[in-house]
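A closer look at the structure
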Amino acid sequence: MESVGERIVRLKKERKAVILAHNYCLPEVQDIADFVGDSLGLSRKATETDAEVIVFCGVTFMAETAKILNPGKAVLLPDPAAVCAMAQMCTPEQIVAAKAAHPGMEVVGYVNSTAACKAEMDVCCTSSNAVDIVSSLGSEGAIFVPDRNLGTYAARSCPDKDVVVWSGFCPIHQSISVQQVAELKSAHPDAEVLAHPECRTEVLNMADVIGSTEKMLNHCRQSDRDEFIVLTEVGMRHRLEVNCPGKRFYFPESAVCGAMKMATLETVAEVLENMTNGVELPSEMVERARRPVERMIGRS
Ligand code: 13P
Ligand code: SF4
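The following refers to the structure shown.

Let's talk about the overall build of the protein chain
Assigned secondary structure in the protein chain consists of 15 helices and 12 strands. Over its C-alpha trace the protein chain gives a radius of gyration of 19 Å, about what one expects of a compact globule, namely 19 Å for 300 residues. With the C-alpha coordinates aligned to their principal axes, the bounding extent of the protein chain is approximately 60 × 50 × 30 Å. The buried share of the protein chain, taken over its 300 residues, is 57%. When the accessible area of the protein chain is evaluated, it comes to approximately 12400 Å², of which 50% is carbon and sulfur surface.

Structure (structure tokens):
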């Protein structure tokens, strides 16, 4: 009998599909993906593929971003309930009101936001280019939505810009505490500390390296150190272990994003078989959101 892995390989060929997976996905899902990466890498990959169908193993905002960049292609989400909690912390109406309250400021929006919010932004960013995007703004100031921690980090890195920071946050990264990090450091005194910029400022202040999940991987690959405390979601361990054999990684084990675990081998096979859970967005929304997303990937 055909295994689920063999079924995925067969269906992928039949549908001329590509599978993209985020670094936090389940290990077995990362292993069957054609490309695994961070939000920026995955968005760029979505524009480079000549596949007719994109299966996006991640959360809804990631699949929506791929659809904005590929309105003519089918973008399938293995489980449409995979919603990023932070992306729900800001509405398009709130952005419109903030623009009216701060005339002349540009809206910089973290990619962890809904497509409807992206349609109201001037430029999108990911955790890997937020600082570069804010520092290259033509205006003197920015309204940064929805992540307060990434917004504060970008603002601290660009002291010449006036940045109004939203109040949203990632519950998983926000829950990583100073005490947890102190305990990890005392248990592993030789480890380098890497933190995702969605962590609280106090936690970022304890890190040696701050960056996106892909920046973390690149750092661990080229570092001559053997041990790392990794302050992000635990799914990242698989990607690090596959790519850095012999090195050891310590995580705050409670940092688990349930939404990122919803893509399974079974749900991937099912959407490929039945072509279900396709992302649908109103064409006017796609039109308005395309420019900020293209600016994010460096295409305009
Ligand atoms: P990266 O773009 O760094 O992979 O982050 C995505 C994310 O959702 C972090 O919680
Ligand atoms: Fe959203 Fe946080 Fe999950 Fe990333 S880890 S997808 S920011 S809820």
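Remarks on empty space enclosed by the protein
Under the defined criterion, the tally for this structure stands at one cavity of 30 Å³ or more. Within this model, the largest cavity holds a volume of roughly 40 Å³. Lining the largest cavity are Ser39, Leu42, Ser43, Phe56, Phe61, Met62, Thr65 and Val111. Every element with two or more residues in the lining of the largest cavity is listed here: α3 (39-48) and α4 (60-69). Tallied by class, residues from the lining of the largest cavity come to five nonpolar, three polar and no charged.

Topic: the site of ligand 1
Surveying the vicinity of ligand 1 reveals the residues His22, Tyr24, Asp38, Ser39, Asn112, Ser127, His173, His196, Glu198, Ser212 and Thr213. Interatomic distance of 2.6 Å between a side-chain N/O atom of His22 and an oxygen atom of ligand 1. A distance of 2.8 Å separates an oxygen atom of ligand 1 from a polar atom in the side chain of His196. Surface burial for ligand 1 is 96%, taken as the share of its 300 Å² of free accessible area covered by protein chains. Here ligand 1 occupies the largest pocket. Taken together, the residues of the shell around ligand 1 sort by class into one nonpolar, eight polar and two charged.

Some words on the sheet that holds strand β5 (residues 106-110)
In space, the four strands of this open sheet follow the order β6-β5-β7-β8, with parallel pairing throughout. Of all strands in the sheet, those with a lone pairing partner are β6 (123-125) and β8 (162-165), marking the two edges. Going from strand to strand, the sheet's axes swing by 30° on average, the running direction of each strand aside. Here four bridges tie strand β7 (residues 141-145) to β8, and the two strands are oriented parallel to one another.

Quick look at the packing of α3 against α4
With their axes 9 Å apart at the nearest point, α3 and α4 run at an angle of 35° to one another. Once α3 is placed against α4, the crossing between them reads as right-handed. Residues Ser39, Ser43, Ala46 and Thr47 of α3 lie in contact with α4, whose contacting residues are Met62, Thr65, Ala66 and Leu69. Residues that form the contact of α3 with α4 fall into these classes: four nonpolar, four polar and no charged.

Remarks on the site of ligand 2
The full set of residues close to ligand 2 is Tyr24, Cys84, Ala85, Asn112, Cys170, Ile172, Glu198, Cys257 and Met260. More than half of the atoms of ligand 2 fall within 2 Å of the grid points belonging to the largest pocket. Considering only residue class, the shell around ligand 2 consists of seven nonpolar, one polar and one charged.

A closer look at the pairing of strand β11 (residues 227-231)
Within β11, five of the five residues are buried, which leaves it mostly tucked inside the rest of the structure. Going residue by residue along β11, you find Glu227, Ile229 and Leu231 tucked away on one face and Phe228 and Val230 tucked away on the opposite face as well. In this structure, strand β9 (residues 192-195) lies alongside β11, joined through four bridges in parallel fashion. Paired with Ala195 across the bridge in β11 is Leu231. Across three bridges, the pairing between β11 and strand β12 (residues 248-250) is parallel.

Examining the sheet that holds β11
As summarised here, the arrangement of the four strands in space is β10-β9-β11-β12, forming an open sheet in which the pairing is parallel. Both outer strands of the open sheet, β10 (209-210) and β12, are each paired with one neighbouring strand and no more. Along the sheet, helix α10 (residues 178-187) makes contact with β9, β11 and β12, crossing β11 at roughly 175°.

Structural notes on the side chain of Asn70
With respect to the secondary-structure elements, Asn70 resides in the loop between α4 and β4 (74-76). Overall, Asn70 belongs to the buried group, its relative accessible area being 10%. Asn70 has contacts with Ala46, Thr47 and Ile54, leaving out every residue within four places of it along the chain.

Conventions and cut-offs
Residues numbered from 1 in each chain as written. Chains lettered and ligands numbered in written order. Predicted model: local features only at pLDDT ≥ 70, side-chain atom pairs only at ≥ 80, totals over all residues. Heavy atoms only, no water. Helix = DSSP H or I, 4+ residues; strand = E, 2+ residues; numbered from the N terminus. Rg over C-alpha atoms; globule rule 2.2 N^0.38 Å. Buried < 20%, exposed > 50% of the residue type's maximum accessible area, 1.4 Å probe, protein only. Areas by Shrake-Rupley, 256 points an atom, 1.4 Å probe, with all protein chains shown as cover. 1 Å grid on protein atoms, 1.4 Å probe; cavity = no way out; pocket = protein on both sides within 12 Å on 5 of 7 lines; lining within 4 Å. Points joined across faces, edges and corners; volume = space filled by probe spheres on them. Nonpolar A, V, L, I, M, F, W, Y, C, P; charged D, E, K, R; others polar. Near = heavy atom within 4 Å. Polar contact = N/O pair within 3.5 Å; in protein donor to acceptor, adjacent residues only side chain to side chain. Sits in = over half its atoms within 2 Å of the grid points. Pairing = 2+ DSSP bridges. Axes fitted to C-alpha atoms, helices over the stretch in contact; angles between N-to-C directions. Left-handed = near helix turned anticlockwise from the far one by under 90°. Contact = heavy atoms within 4.5 Å.

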